[in-house]
Amino acid sequence: IRGHTSEITSIAMARSGRFAVTGSIDDTVRVWDLATGKQSGQISPGIGDVYSLLLSPDDRTVAVPFESNGVFSIGVWSLQNGQLVGSIKADNGARLFAGSLDWRRVVYAKGQPGQGNLLIYDLAKMAPVAPLSLPGIPVNMTVSRNGRYLAVSDENNLVHIWDIQAGKKLPPLS
């Protein structure tokens, strides 16, 4: 893929298999036609470096954590016209971003250890759900496809698991 001017930091494939979306530290999100390999769209939201993104369940919008005037948010942009269609205020800068297929459980991880460093949002309703706490610094994470479980690895080589629906932390994997 050619078009980004800096490192590509995130990628998502459309469920239809027709296109991919990439994010870069060049301050852009780009849409790529997989049949031709050519860029078919671009969002330049003026939000700084893009480190993570999520495609919506219907492949029409993309969610990206961003900062504007010192306020951290999760923005949702239309892939058809590149316009911001909604946002929700988030707390501090996002190090990681992961979500379920239906966007009902999206987790925003701050790059620091401690109380409330994992924040769960429902992007379908554009509302916060709950904070979680990881003792270490989040390194990687994933949300199960059905949105029930969250797995987060930390700098201590542990994988922490939560049953998000039950609000219960399970024993860590080591």
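Located above this text is the structure these notes cover.
All values reported here derive from a predicted model rather than from experimental measurement.

Caption draft 1: Molecular detail of a nonpolar patch on the surface. Together, Ile11, Met13 and Leu34 line one region of the surface with nonpolar side chains, adding up to about 300 Å² of accessible area. Position of Met13 among the secondary structure elements: in strand 1 (residues 8-13).

Caption draft 2: Spotlight on the pairing of strand 10 (residues 106-110). Across the five residues that make up strand 10, a large majority, five, are buried. On strand 10, burial covers both faces: Val106, Tyr108 and Lys110 on one face and Val107 and Ala109 on the other are all buried. Summarising the sheet, strand 10 and strand 11 (residues 114-122) pair through four bridges and their orientation is antiparallel. Looking across to strand 11, one finds that Val107 is bridged to Ile120. Taking the residues that link successive antiparallel strands as the turn, the strand 10-strand 11 hairpin has three residues.

Caption draft 3: Highlighting the sheet that holds strand 7 (residues 71-78). With antiparallel pairing, the four strands of this open sheet are ordered in space as 5-6-7-8. Two strands lie at the open edges of the sheet, namely strand 5 (54-55) and strand 8 (84-89), each paired on one side alone. In this sheet, strand 7 lies alongside strand 6 (residues 61-68) in antiparallel orientation, the contact comprising eight bridges. Within strand 7, the position partnered with Pro65 by the bridge is Ile74.

Caption draft 4: Region of interest: the pattern of salt bridges. This structure, assessed with the given rule, holds five salt bridges. Between Asp26 and Arg30 there is a salt bridge whose closest N-O contact spans 3.6 Å. For the pair Asp26 and Arg30, a shared accessibility class is recorded, and that class is buried.

Caption draft 5: Examining the pairing of strand 12 (residues 127-134) more closely. As paired elements, strand 11 and strand 12 share six bridges and run antiparallel to each other. In the sheet register, Leu118 faces strand 12, and the bridge partner there is Leu132. As consecutive antiparallel partners, strand 11 and strand 12 are separated by four residues, and within that stretch Met126 has a phi angle of approximately 55°, a positive value.

Caption draft 6: Fine view of the environment of Ile164. Structurally, Ile164 is set in the loop between strand 15 (159-163) and strand 16 (168-173). The spatial distance from the C-alpha of Ile164 to the C-alpha of Val129 is 10.0 Å, given a sequence separation of 35 residues. Among all residues touching Ile164, those that are not within four sequence positions of it are Arg105, Ile120, Gly147, Arg148, Tyr149 and Leu150.

Caption draft 7: Highlighting the nonpolar core. Residues Val21, Val29, Leu53, Leu55, Val62 and Leu79 are the most contacted members of the largest nonpolar core, which totals 15 residues. The set of elements that each furnish at least two residues to this core consists of strand 2 (19-24), strand 3 (29-33) and strand 6. Among the elements that take part in this core, strand 6 stands out by supplying three residues, more than any other.

What counts and how
- Residues numbered from 1 in each chain as written.
- Predicted model: local features only at pLDDT ≥ 70, side-chain atom pairs only at ≥ 80, totals over all residues.
- Heavy atoms only, no water.
- Patch = residues over 30% accessible without salt bridge, like charges linked within 9 Å, V, L, I, M, F, W, Y side chains within 5 Å.
- Areas by Shrake-Rupley, 256 points an atom, 1.4 Å probe, with all protein chains shown as cover.
- Salt bridge = Lys/Arg side-chain N within 4 Å of Asp/Glu carboxyl O.
- Helix = DSSP H or I, 4+ residues; strand = E, 2+ residues; numbered from the N terminus.
- Buried < 20%, exposed > 50% of the residue type's maximum accessible area, 1.4 Å probe, protein only.
- Pairing = 2+ DSSP bridges.
- Contact = heavy atoms within 4.5 Å.
- Core = buried A, V, L, I, M, F, W, Y, C linked by side-chain atoms within 4.5 Å.

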